[in-house]
Amino acid sequence: MDLKGKVAIVTGGNTGIGAGIVLELAKRGANIVIDYVVNPQATEELEKKVKALGDQVIGVDADVSKVSDWQALVDAAVKQFGHLDILVNNAGIETRTSILDTTEAQYERVLAINLKSAFFGTQIAAKQMIKQGKGGRIINITSVHEDWPMPNNIPYCLSKGGMRMLTRTSALELAKYDILVTGIGPGAVATPINRATMENATLMKELDTTIPLGRMAQPEEIARVVAFIAGEGASYMTASTVFVDGGLMHQSPGL
Ligand code: BGC
């Protein structure tokens, strides 16, 4: 229970990797703020599970691509729990579009939800943590695609590449406040973002063959690493990304 009494915000927290993170942080004793924009029922279900683990939880409907919603989200956390210790910038979408067919609206939406939200979340949460004077943890859920190009998913790759530099640069700026900033880069995970692939047996087979561990990850396999990074064990870790990808980034045709 190394996160006992800590307060964590998880953006995009009622589904996919986010929901896995909520449960894993709660298992280690943290009180949780679940940020979400759709599907309030899923938030309520998850709240019940967190309470069953003995922790406190609130759900906040906030669109983290808007700075005003971010301030309201952090204010709600502090009003409820008195402090904020951990921020997980997890909210993310992808369009699976190429440089030749991505529209202005698609570009702006992906960059706003994935990158702008993490930028201003870091800013607003860091100001709160600095005011508290006890440091903090900011964890950015990026992707292997913060580094690794994915043809026909280019706005997503740009946003994750941006999160890579957000992690590194904000970590250096915030180090003097003992606010540690780390990226977690998942590979392919069994979540709604990959529904189309998961529903296509041929694509799944191709994907499983490409991943050295031979399968997609489950959300909790990413979440357990997030919980470690949020805890005391990771007290000297900042400004870099941990890839949790079953070896995907380093797969080699062996030619
Ligand atoms: C993307 C998935 C992709 C996976 C592995 C993830 O970040 O969201 O669409 O399958 O990376 O390439």
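Quick note: structure is the one above.
Worth saying up front: this structure is predicted, and the values here are computed from it rather than measured. (Residues numbered from 1 in each chain as written. Predicted model: local features only at pLDDT ≥ 70, side-chain atom pairs only at ≥ 80, totals over all residues. Heavy atoms only, no water.)

Taken as a whole, this structure holds one aromatic pair when the rule is applied. Between the aromatic rings of Phe119 and Phe120, the centroid separation amounts to 4.8 Å while the plane-to-plane angle is 70 degrees, which identifies the pairing as edge-to-face. (Phe/Tyr/Trp six-rings, centres within 6.5 Å; stacked < 30°, edge-to-face > 60°.)

With that settled, the discussion passes to the site of the ligand. In the neighbourhood of the ligand, the contacting residues comprise Glu94, Arg96, Ser143, His145, Met150, Tyr156, Gly187, Ala188, Ile193, Asn194 and Leu248. The separation between an oxygen atom of the ligand and a polar side-chain atom of Glu94 is 2.7 Å. Between the ligand and the protein, one listed contact pairs an oxygen atom with a side-chain N or O atom of His145 at 2.7 Å. The protein chains hide 92% of the 310 Å² of surface that the ligand would expose on its own. Here the shell around the ligand is composed, by residue class, of five nonpolar, four polar and two charged. (Near = heavy atom within 4 Å. Polar contact = N/O pair within 3.5 Å; in protein donor to acceptor, adjacent residues only side chain to side chain. Areas by Shrake-Rupley, 256 points an atom, 1.4 Å probe, with all protein chains shown as cover. Nonpolar A, V, L, I, M, F, W, Y, C, P; charged D, E, K, R; others polar.)

Reading across from one edge, β3-β2-β1-β4-β5-β6-β7 is the order of the seven strands in this open sheet, with parallel pairing throughout. Single-partner strands in this sheet number two, and they are β3 (57–61) and β7 (241–244). The sheet shows a mean angle of 20 degrees between the axes of neighbouring strands, taken without regard to direction. The pairing of strand β5 (residues 136–141) with strand β6 (residues 179–186) spans six bridges and is classified as parallel. Residue pairing for β6: Ile141 is matched across the bridge by Ile184. Packing against the sheet, helix α1 (residues 16–27) makes contact with β1 (7–10), β2 (31–36), β4 (86–89), β5 and β6, and its axis sits at approximately 170 degrees to β1. (Pairing = 2+ DSSP bridges. Helix = DSSP H or I, 4+ residues; strand = E, 2+ residues; numbered from the N terminus. Axes fitted to C-alpha atoms, helices over the stretch in contact; angles between N-to-C directions. Contact = heavy atoms within 4.5 Å.)

A few words now on unusual backbone geometry. Although it is not a glycine, Asn152 sits at a positive phi angle of roughly 70 degrees. You can see Asn152 is positioned in the loop between β5 and α5 (154–174). By relative accessible area, Asn152 is classed as partly exposed at 48%. The backbone of Ala239 sits at a positive phi, close to 70 degrees, despite the residue not being glycine. Structurally, Ala239 is set in the loop between α8 (219–230) and β7. (Buried < 20%, exposed > 50% of the residue type's maximum accessible area, 1.4 Å probe, protein only.)

To continue, consider the pattern of salt bridges. Summed over the entire model, instances satisfying the criterion amount to ten salt bridges. Here the salt bridges share partners, and the residues they tie into one network are Glu146, Asp147, Arg164 and Arg168. (Salt bridge = Lys/Arg side-chain N within 4 Å of Asp/Glu carboxyl O.)

Looking at where Val88 falls in the secondary structure, it is placed in strand β4. When the C-alpha atoms of Val88 and Gly183 are compared, they prove to be 9.6 Å apart, with 95 residues separating the residues in sequence.

What follows covers helix α3 (residues 67–81). In this model, α3 (15 residues) spans 21 Å end to end at C-alpha, consistent with the 21 Å of a helix rising 1.5 Å per residue. When α3 is considered as a whole, its buried residues turn out to be Trp70, Leu73, Val74, Ala77 and Phe81. What you see down the axis of α3 is that its buried residues fit within an arc of 90 degrees, all on one side. Those residues of α3 that are exposed and angled more than 90 degrees off the buried face are Ser68 and Lys79. Against β1, β2, β3, β4 and α4 (104–132) lie the buried residues of α3. Gly82 lies just past α3 and shows a positive phi near 90 degrees. (Expected span 1.5 Å × (residues − 1). Arc of directions from axis to C-beta.)

What follows deals with the pairing of β2. Walk down a regular strand and you will see the side chains alternate between the two sheet faces. The element β2 is largely enclosed, with a buried count of six among its six residues. Of the two faces of β2, the one carrying Asn31, Val33 and Asp35 and the one carrying Ile32, Ile34 and Tyr36 are both buried. With four bridges connecting them, β1 and β2 associate as parallel partners. When the bridges of β2 are listed, Ile9 appears paired with Val33. Note on the crossover from β1 through α1 to β2: the handedness is right-handed. Inspection of the sheet shows β2 paired to β3 by five bridges, in the parallel sense. Residue pairing in the sheet places Val33 in a bridge with Ile58 of β3. Between β2 and its parallel partner β3, the chain crosses via helix α2 (residues 40–52), and the hand of that crossover is right-handed. (Right-handed = clockwise from strand over helix to strand, strands pointing away.)

Function cannot be read off these values alone, since they describe shape.
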